[in-house]
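A look at the structure
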Amino acid sequence: VWSEIYEGPAMQELSKGLEPSTCYEYRLCACNAFGWGPWSAECQGITLPAAPPAPEVDAASITPVAMRVFWEEAAETAVPIVAYKLQGRKQGEEVWSEIYEGPAMQELSKGLEPSTCYEYRLCACNAFGWGPWSAECQGITLPAAPPAPEVDAASITPVAMRVFWEEAAETAVPIVAYKLQGRKQGE
């Protein structure tokens, strides 16, 4: 079905609202005081490919201070993807930080805080530019091991020492056991 794009005296017109990587056909007729003439021979044009669509991204905690962020190649595109850009932030923060830019399909996000939720987003690039950002994904870093408790010793007999400590500081995961080691000074 032909649709009218333009009518007027200009010698060119911009055909807008088209789909990328798509062939379009055009025909033209002219008008004078005696009416409209016949349609021209059809011509064809193919729109350029677009920047790639948003890829899907996911994150998996691997340590209390690092998260593995990975993604699948973006959907089929007419032009190969040459790079990805990954950004991340702590949940609740407004500013995104660039974590990675390059061709790999995963990156290690380091220097994170234990038991903390982080958000990530990703975009892909081809010869026609950067595509849109992906939907955000979230990952929570693993809890950290408890901090070292404070320990003290008091002599109670010539051959026994009472070793005692305070309960370790509150942690995200309850403490289930303590391990105590001892040695003769200087050994």
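Numbers given for residues are sequential positions, taken from 1 along each chain in its written order. Predicted model: local features are reported for residues with pLDDT of at least 70 only, side-chain atom pairs are reported and counted for 80 or more only, and whole-chain, interface and lining totals are derived from all residues. Side-chain measures here rest on the full set of heavy atoms in the structure, leaving out hydrogens and waters.

Once that is clear, we can look at the sheet that holds strand 6 (residues 66-71). Backbone-to-backbone hydrogen bonds join strands into a sheet, with any given pair of strands oriented parallel or antiparallel. Strands sit in the order 5-6-9 across an open sheet of three strands; the sheet is antiparallel. What marks the edges here is a single partner per strand, and that holds for strand 5 (57-63) and strand 9 (106-110). Neighbour to neighbour, the strand axes of the sheet diverge by 25° on average, direction disregarded. Paired strands are those between which DSSP finds at least two bridges. The helix and strand labels rest on DSSP assignments: H or I over at least four residues marks a helix, E over at least two residues marks a strand, and numbering proceeds from the N terminus. As paired elements, strand 6 and strand 9 share five bridges and run antiparallel to each other. Bridging from a neighbouring strand, Ala-66 pairs with Lys-110 of strand 9. Axes, fitted as lines to C-alpha atoms, cover a helix only where it is in contact. Angles between the N-to-C directions of the axes lie from 0 to 180 degrees.

A separate point is the pattern of salt bridges. Criterion for a salt bridge: a side-chain nitrogen of Lys or Arg within 4 Å of a carboxyl oxygen of Asp or Glu. The full count for this structure, using the stated rule, is three salt bridges. Where Arg-89 meets Glu-119, a salt bridge forms, and the shortest distance between an N and an O atom there is 2.8 Å. One end of the pair, Arg-89, is in strand 7 (residues 83-90); the other, Glu-119, is in strand 10 (residues 117-126), and 30 residues separate them in sequence. Just as Arg-89 is buried, Glu-119 falls in that class too. When salt bridges that share partners are traced, they join Arg-89, Glu-119 and Glu-136 into one network. Working definition: with a 1.4 Å probe on protein chains only, accessible area under 20% of the residue-type maximum means buried, over 50% means exposed, and in between means partly exposed.

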